[in-house]
Amino acid sequence: MNKSEFFKPIEDAVNLIPDSKRTPLPDWDLETIRTTQMPSDTDRDALWDAFKTRFDLVHGKCTEGRADLLSLLKEESVTAGYVAPELKADLKPWLQQSGIEIHTSLDDSQIDTYEFGITRAAGVIAETGTIILKDQSTSSRLGALSPWIHIAVLPDDAPIYPTLFDAMNDLGNDPYIVFATGPSKTADVEGILIEGVHGPGIQICSRMKSRH
Amino acid sequence: MLATDRVTGTQVQLMMTCLCDTFFDSVAQATVEVLEHVGCTVEVPEAQTCCGQPAFNSGDWDSTRKVARHTCRTFDSSKPTILPSGSCSHMISHGYDLAFEKEDDLSTAQTFAKSSWELCDFLVNGLGIESWPGRFDAKISLHRSCHTRGTQTYQSAVKLLSSIEGVELIEFDESEQCCGFGGTFSVAYPNTSVSMGKLKIEKLTADKPDIVGAVDMACMMHLSGIANKQGRQFNKLHVSEILMKALRNAK
Amino acid sequence: MKTKQPIDAFARDLPPEIRESVYVGSKAKYDKRLDSLTQSFAAPDDIRKLAGQIKQHTLENLPEYLGSAIEKLEGNGAKVHYAKTGDDANQIILDIMRSVNATKLIKSKSMVSEEIHLNKFLEKNGCESIESDLGEFIVQLDDDMPSHIVTPIVHKNRKQIANTFEKAGLGDYNDDPQTITRRARSFLRNKYIEAEVGLTGGNFVSAETGRIALVTNEGNARFCISANKTHIALIGIEKVVPRDKDLAVLLNLLARSATGQQLTVYTQFINGPKSEAQPDGPENMHVIFLDNERSNILGSEFKEILRCIRCGACLNVCPIYRQSSGHAYRAVYPGPVGAVLSPLLAGKRYPEYADLPKASSLCGACNEVCPVDIPLPELLLRHRNKAKREGIKKASAGTPSMAGWSVLCSTPAMWKTSLRAGKAMDYISLNLIPVPAVQAWAKERSLPPFRGGKFRKWFKDRQKNK
Ligand code: SF4
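Cut-offs used in this document
Residues numbered from 1 in each chain as written. Chains lettered and ligands numbered in written order. Predicted model: local features only at pLDDT ≥ 70, side-chain atom pairs only at ≥ 80, totals over all residues. Heavy atoms only, no water. Pairing = 2+ DSSP bridges. Helix = DSSP H or I, 4+ residues; strand = E, 2+ residues; numbered from the N terminus. Axes fitted to C-alpha atoms, helices over the stretch in contact; angles between N-to-C directions. Contact = heavy atoms within 4.5 Å. Salt bridge = Lys/Arg side-chain N within 4 Å of Asp/Glu carboxyl O. Buried < 20%, exposed > 50% of the residue type's maximum accessible area, 1.4 Å probe, protein only. UniProt positions renumbered as here; feature names shortened; annotations may be inferred. Phe/Tyr/Trp six-rings, centres within 6.5 Å; stacked < 30°, edge-to-face > 60°. Expected span 1.5 Å × (residues − 1). Buried area = accessible area lost by both parts, 1.4 Å probe. Polar contact = N/O pair within 3.5 Å; in protein donor to acceptor, adjacent residues only side chain to side chain. Near = heavy atom within 4 Å. Nonpolar A, V, L, I, M, F, W, Y, C, P; charged D, E, K, R; others polar. Disulfide = S-S within 2.5 Å. Left-handed = near helix turned anticlockwise from the far one by under 90°.

### Regarding the sheet that holds strand β4 (residues 116–118) of chain B
Residues and elements named next belong to chain B. Taken together, 4 strands build an open sheet; the order of strands is β2-β1-β3-β4 and the sheet is parallel. Edge strands, defined here as strands with exactly one partner in the open sheet, are β2 (41–43) and β4. When strand polarity is set aside, the average angle formed by the axes of neighbouring strands in this sheet is 35°. With 3 bridges joining them, strand β3 (residues 81–83) and β4 adopt parallel strand pairing. Bridge pairing links threonine 81 to serine 116 in β4. Lying over the sheet, helix α7 (residues 119–126) contacts β1 (11–14), β3 and β4, oriented at roughly 105° with respect to β4.

### Digging into the pattern of salt bridges
Applying the stated rule across the entire model yields 59 salt bridges over all chains. When the shortest N-O distance is used, the salt bridge between aspartate 246 of chain C and arginine 243 of chain C registers 2.8 Å. In this structure aspartate 246 of chain C comes out as buried when scored by relative accessible area, which is 0%. Beyond isolated ion pairs, a larger network of salt bridges with shared partners links Asp62, Arg65, Arg69, Glu103 and Asp105 of chain B.

### Some points on the UniProt feature "domain: LUD" (unreviewed entry) in chain A
The UniProt record marks residues 110–201 of chain A with the feature "domain: LUD" (unreviewed entry), using the residue numbering of this structure. Its end C-alpha atoms 18 Å apart, residues 110–201 of chain A is made of 11% helix and 34% strand.

### As for unusual backbone geometry
Residue and element names in this part refer to chain C. Its identity is not glycine, yet asparagine 101 carries a phi of approximately 55°, on the positive side. One can find asparagine 101 in the loop between α5 (86–99) and β2 (104–107). Overall, the relative accessible area of 68% leaves asparagine 101 in the exposed class. One non-glycine residue, serine 325, lies in the positive phi region at around 75°. With respect to the helices and strands, serine 325 occurs in the loop between α15 (319–324) and α16 (335–345).

### Describing the packing of aromatic side chains
Under the definition given, this model contains 19 aromatic pairs over all chains. Look at phenylalanine 6 of chain A and tyrosine 82 of chain C: their rings are 5.1 Å apart centre to centre, the planes differ by 45°, and that puts the pair in the tilted class. In this pair, phenylalanine 6 of chain A is assigned in helix α1 (residues 3–15) and tyrosine 82 of chain C in strand β1 (residues 79–83), connecting two distinct chains. Relative accessible area serves as the criterion here: at 0%, phenylalanine 6 of chain A is assigned to the buried category. Take tyrosine 82 of chain C: its relative accessible area is 8%, and that puts it in the buried class. Ring geometry for tryptophan 28 of chain A against phenylalanine 165 of chain A: centres 5.6 Å apart, planes inclined by 65°, an arrangement best described as edge-to-face. Of this pair, tryptophan 28 of chain A sits in the loop between α1 and α2 (44–57) while phenylalanine 165 of chain A sits in helix α6 (residues 164–168), placing them 137 residues apart in sequence. Classification of tryptophan 28 of chain A as buried rests on a relative accessible area of 3%. Looking at phenylalanine 165 of chain A, the relative accessible area reads 13%, which means it is buried.

### Re helix α4 (residues 62–75) of chain C
All names here are of chain C. A rise of 1.5 Å per residue sets the reference length of α4, with its 14 residues, at 20 Å; its end C-alpha atoms lie 19 Å apart and thus fit the reference within 8%. Listed as buried for α4 are Leu62, Pro63, Tyr65, Leu66, Gly67, Ala69, Ile70 and Leu73. At the C-terminal side of α4, glycine 77 shows a positive phi close to 100°.

### Quick look at the pairing of strand β4 (residues 197–200) of chain C
All names here are of chain C. The alternating pattern of β4 places Val197 and Leu199 on one face and Gly198 and Thr200 on the opposite face, and all of these are buried. Relative to β4, β2 runs parallel, the two being bridged by 3 bridges. In the sheet register, lysine 107 faces β4, and the bridge partner there is leucine 199. Where β4 meets strand β7 (residues 230–236), 4 bridges bridge the pair, whose relative direction is parallel. Following the sheet pairing, glycine 198 is matched in β7 by histidine 231.

### Side note on the arrangement of the chains
With 2 pairs of chains in contact, the largest contact count belongs to chains A and C. As for chain B relative to chain A, no contact occurs, and the smallest C-alpha gap between them is 13 Å.

### Points about the interface of chain B and chain C
Listed per partner, the contact involves 70 residues of chain B and 73 residues of chain C. Approximately 6,100 Å² of surface area, both sides summed, lies buried where chain B meets chain C, with 58% of it carried by carbon and sulfur atoms. The interface formed by chain B and chain C contains 12 salt bridges. The partner of arginine 144 of chain B in a salt bridge is glutamate 368 of chain C, with the nearest N and O atoms 2.4 Å apart. At the junction of chain B with chain C, the criterion picks out 36 residue pairs in polar contact (both at pLDDT 80 or more).

### Some details on the site of the ligand
The full set close to the ligand counts 13 residues, and Cys308, Cys311, Gly312, Cys314 and Cys370 of chain C are the nearest of them. Residue classes in the shell around the ligand are distributed as 11 nonpolar, 1 polar and 1 charged.

### Concerning the sheet that holds strand β8 (residues 160–161) of chain A
Here we have 8 strands laid out as an open sheet, ordered β8(A)-β5(A)-β6(A)-β9(A)-β9(C)-β6(C)-β5(C)-β8(C), and mixed in their pairing. Sheet topology places β8 of chain A together with β8 (240–241) of chain C at the edges, where each strand pairs with a single neighbour. Pairing analysis gives 2 bridges linking strand β5 (residues 204–206) of chain C to β8 of chain C, with the strands arranged parallel. Within β8 of chain C, the position partnered with serine 206 of chain C by the bridge is valine 241 of chain C. Helix α12 (residues 244–259) of chain C contacts β5, β6 (212–216), β8 and β9 (266–270) of chain C of the sheet and is inclined by roughly 165° relative to β5 of chain C.

### Considering the state of the cysteines
Among covalent bonds in proteins, the disulfide is the one between the sulfur atoms of two cysteines. According to the stated counting rule, one finds 0 disulfides over all chains in the structure shown. Of the cysteine sulfurs around cysteine 178 of chain B, a residue in no disulfide, the closest is that of cysteine 146 of chain B, at 4.0 Å. Of all cysteine sulfurs, the one in cysteine 363 of chain C lies closest to cysteine 318 of chain C, which takes part in no disulfide; the gap is 6.6 Å. Under the relative-accessibility criterion, cysteine 318 of chain C is labelled buried at 8%.

### What about the packing of helix α8 (residues 134–142) of chain C against helix α9 (residues 158–167) of chain C?
Residues and elements named next belong to chain C. In contact at an axis separation of 10 Å, α8 and α9 are set at 60° when each is read in the N-to-C sense. The interaxial crossing formed by α8 with α9 has left-handed handedness. From α8, Phe137, Ile138, Leu141 and Asp142 reach across to α9, where they touch Ile161, Thr164 and Phe165. Grouping the amino acids of the contact of α8 with α9 by side-chain chemistry returns 5 nonpolar, 1 polar and 1 charged.

Encoded structure:
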């Protein structure tokens, strides 16, 4: 069916509505949807703390710096994982030194061999405890999705948005953006919460100082 | 509806509702006494029957309008009309809008709607009464009565009752849930209706109140009808009866 | 008890354990919703109203907003298709699959695809179509129907699911929810990789940017557009919103209303095929806009139902849904939203579903929780009126006629006579009165003693004595 045939009945339908009964487009701003979870202090460290609190509530885990991350990985006794190419210089050597096998490209047919995936976050949202992944900054969609553990590295230059509203206003024109608020989960079976359905069962956000 | 748009004053008419006309005369009496206590002069127009809700809910809007027109003619829209029922007053203030949507006399119905009040709403928002004198020693669970959603009735009833010395309003689970009456629903869906009622009774009486209170006798008729058949009656009172009893206890 | 209404009969015959599952699940979701809204917002009702206005405004100006969304999507490299009916949509999907020589499709949860019965159609045409949402996957294995729009298997317990998995060859009987989930995870991963086409729905489309917002908790929609080269988004025309920023209002409400979460775990924004540098994801993106009676609804007295964002809150709170379960509604959309929508989506088969709007005590709880403030009770009433005007028996079955009663109520003399005559009711057993409505009342309910006219007399005496 062509577009104009398709549109015709829709146009006819809305033309039936008298002008006096039309609803104007409401104008609203951040204040209108203010939540009690909105951080009041917008200093970067304060925002990070606010993010951590919220992220914790949705069962995410935060780490700061390399040692912290490494001990978390050790706790999970991982042996092999994926590291995004752009983080390779920073992360690969010391992870390998710790005895972990590192891949910097992902083989679709072997997705279960990567126990973790480390990719870059485009930013985080403090209000909701959300990690933002974008195509432009996430080298592989599957690398961030298929391993049991996903580590989103938040570099110093990536924004920490105070609110969902702020993040929404800064989406840019990336064809694919994911807001990840905690690990993958379901409550389909008797309402019981199970984490790690199709995506990561463990979702980590790792704040790291850039090398340069 | 904003209080300011509405017709108020102390020369009032009582619309007793068909249920009080047939079954619950004590509620209508209590309503008169309560209104007189606050200085109202009460008229009871003889020709009154019903608001038309049963037909409206069943989808028969021709019949609804027939009854509604009669009601609009029976009451004088320049004086407030008080109903001891959240449901019937909701019918008049909202249902008429819909039933008369495409009718020439929509504005007549709307004018009448502006003069109609549920009792507690009228006491608090029409007359500005903030508290109720007297005494009534009872633990009460007050059923919300669904048709008071989006109106001032329930909160007005709570305000008045909780100001009475000796009254303890108790909280109960699932207060947002319907009793299952629903007018003709109660006979078209007898199984669902009764199951809902049983659940409601369980919740309302869970904390062993002395009284189950309501702002609507329709819910009450259904609930006590079920309880009665089960042989586990509870004490029930309409808010107007509680208000009246409190006054009597003060004397 | 005897009943003429199929939903009431379904409720009566529902196995108690199913009623219990539905009740427990509904109540939990209701409570979580309320907590999350009241904890987050000072005046949640104002935001519901705002969201309702945004959606209503969009619908009233749908040609412009939909047109703009299409233009943006095309500008971003997506191919847009138009499906007047469900059959058209199915055919478009099949044609797309054939054009890329695909026989395997993986689907994330999409109510629209249920509405058009896509799985069955593709299977008939030699294609595999696999549900990847855990609940929907189980529904598919069982050849069952979802019973809730957000939690499709709320009517099943773990034992039933364990049996299903065992039968489907997904391991020995094990009813541990964790094990069930892990088994589905490993089975479906291979399906994602094997599938050539991923199909998703879309929760919202921004007219401003063409961005499709899509939410899932499990991550299945992410997989559906990461592991294969063709993405089809099947979307009802009513999903458009004016601006990106409006998504913030709706997303804020959707998850809270559906599950009590602040945000759904994965909220995705897709506005075109993958970028060049990205190794994973679709090179082709197709967006199918589906009408399927929606333009008719838009021109009708039921248009507000098109605001619906499919959160399921009206089901969870609905006492009739809680008693009868979703399957009672015989359609893809159950509960209050389904009672309004299903008869309309049925088109010419409206009379078959004309009883659904009767499945309500008109208590208004659904409107109170609806994140886009749809006047559901009003729409149910409009249906009842329509069915009455059109003389549809299925709707009126069991409801006493009001014609005689309305004469009685508009003729005061008759009314007063009946107040006296009604006294007879006290002397005969209600069970003996051969009126079905009286029988339906009296089986499990007594009537209070008849006191017709007592108040009138009391009042007259009182006036005399004053
Ligand atoms: S009608 Fe409202 S409450 Fe019901 S599913 Fe739709 S949006 Fe949710």
